[in-house]
Amino acid sequence: MSEYRRTLFDKLGPEAADLYRIGSWMIVPVTAGAFIGAGTAIKAGLVTPAVVLATLVGAILGGASAALFVVSISRGAGGAFGSFLQPSGSGSYERQYSLEDSLLMRGDVAGALASYERVIADAPDQAQPRLRAAEVCLKSKMNEKAE
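Residues numbered from 1 in each chain as written. Predicted model: local features only at pLDDT ≥ 70, side-chain atom pairs only at ≥ 80, totals over all residues. Heavy atoms only, no water.

**Side note on the packing of helix α5 (residues 109–122) against helix α6 (residues 128–139)**
Here is step 1 of the chain: Where α5 meets α6, the closest approach of the two axes is 9 Å, and the angle between their N-to-C directions is 160 degrees. In terms of their interaxial angle, α5 and α6 are classed as roughly antiparallel. At the point where α5 passes α6, the crossing takes the left-handed sense. Of the residues in α6, those in contact with Val109, Leu113, Tyr116, Val119 and Ile120 of α5 are Pro129, Arg130, Arg132, Ala133, Val136 and Cys137.
Here is step 2 of the chain: Of the residues in the contact of α5 with α6, the class split is 9 nonpolar, no polar and 2 charged. (Axes fitted to C-alpha atoms, helices over the stretch in contact; angles between N-to-C directions. Helix = DSSP H or I, 4+ residues; strand = E, 2+ residues; numbered from the N terminus. Parallel < 35°, antiparallel > 145°, perpendicular 65-115°, else oblique. Left-handed = near helix turned anticlockwise from the far one by under 90°. Contact = heavy atoms within 4.5 Å. Nonpolar A, V, L, I, M, F, W, Y, C, P; charged D, E, K, R; others polar.)

See below:
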């Protein structure tokens, strides 16, 4: 039994298909660039190996950069459309105060206020727990503590 040879797909996963696609897209610009460059060099009387080589290198670099540009644009557009179809929801969480609400429903006003005080100590920049605690104090006739 022969030993398994790792392929580009083993190393890169689905991204390897993009590399193969880029390579296949380079064939047309390189071939077209080579023919145009060689024809121009022949017409101008500059047919030297250096000019033909420079033309081929330019065609390869141009084809590769065009292919990478197209792939990056398509990935960006696909990512933007995908985030439109399936938004992540990050940053949309609003803290709930269900523990405090349940304590109030059971009549444990002191426990609810103690819990609000812990929440206020953990997040002193949040206004919502302060407002809710003040509302509980006002409803419980604890006016001096509500202030």
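**Observations concerning the pattern of salt bridges**
Here is step 1 of the chain: Here the structure, examined in full by the defined rule, presents 2 salt bridges.
Here is step 2 of the chain: Note that aspartate 101 is salt-bridged to arginine 132, the shortest N-O span being 2.5 Å. Placement of the pair is aspartate 101 in helix α4 (residues 98–105) and arginine 132 in helix α6, with a sequence separation of 31 residues.
Here is step 3 of the chain: For aspartate 101, a relative accessible area of 29% puts it in the partly exposed group.
Here is step 4 of the chain: Under the relative-accessibility criterion, arginine 132 is labelled partly exposed at 22%.
Here is step 5 of the chain: The salt bridge partner of lysine 139 is glutamate 135, with a shortest N-O separation of 3.1 Å. Of this pair, lysine 139 and glutamate 135 are both found in helix α6, 4 residues apart, which corresponds to roughly one turn of the helix.
Here is step 6 of the chain: By relative accessible area, glutamate 135 is classed as partly exposed at 41%. (Salt bridge = Lys/Arg side-chain N within 4 Å of Asp/Glu carboxyl O. Buried < 20%, exposed > 50% of the residue type's maximum accessible area, 1.4 Å probe, protein only.)

**Some words on the side chain of glutamate 100**
Here is step 1 of the chain: Here glutamate 100 is to be found in helix α4.
Here is step 2 of the chain: Although glutamate 100 is buried, it forms no salt bridge, and the closest oppositely charged side chain is arginine 95 at an N-O distance of 4.7 Å.
Here is step 3 of the chain: Not counting residues within four places of it along the chain, the set of residues in contact with glutamate 100 comprises Ala112, Ser115, Tyr116 and Val119. (Lys, Arg positive; Asp, Glu negative; His and termini not counted.)

**Some words on the confidence of the model for the chain**
Atomic detail in the predicted coordinates should be set aside for any region of low pLDDT.
Here is step 1 of the chain: Residues at a pLDDT of 70 or more form 83% of the chain, whose mean pLDDT is 79.
Here is step 2 of the chain: At the low end of the mean pLDDT range in the chain sits helix α7 (residues 143–146), at 54; at the high end sits α5, at 92. (pLDDT = per-residue confidence, 0-100.)

**A closer look at the nonpolar core**
Here is step 1 of the chain: With 7 residues, the main nonpolar core is built from Tyr97, Leu113, Tyr116, Val119, Ala133, Val136 and Cys137.
Here is step 2 of the chain: For this core, the secondary-structure elements that each account for two or more residues are α5 and α6. (Core = buried A, V, L, I, M, F, W, Y, C linked by side-chain atoms within 4.5 Å.)

**Side note on a nonpolar patch on the surface**
Here is step 1 of the chain: Together, Leu53, Val57 and Leu61 make up an exposed nonpolar region whose accessible area comes to about 290 Å².
Here is step 2 of the chain: When you line up the elements, valine 57 lands in helix α3 (residues 49–85). (Patch = residues over 30% accessible without salt bridge, like charges linked within 9 Å, V, L, I, M, F, W, Y side chains within 5 Å. Areas by Shrake-Rupley, 256 points an atom, 1.4 Å probe, with all protein chains shown as cover.)

**Some details on the packing of aromatic side chains**
Here is step 1 of the chain: A full pass over the atoms with the stated rule returns 2 aromatic pairs.
Here is step 2 of the chain: For the pair tyrosine 97 and tyrosine 116, a centre-to-centre distance of 5.9 Å together with 45 degrees between the ring planes defines the contact as tilted. Here tyrosine 97 is found in the loop between α3 and α4, whereas its partner tyrosine 116 is found in helix α5, with 19 residues between them in sequence. (Phe/Tyr/Trp six-rings, centres within 6.5 Å; stacked < 30°, edge-to-face > 60°.)

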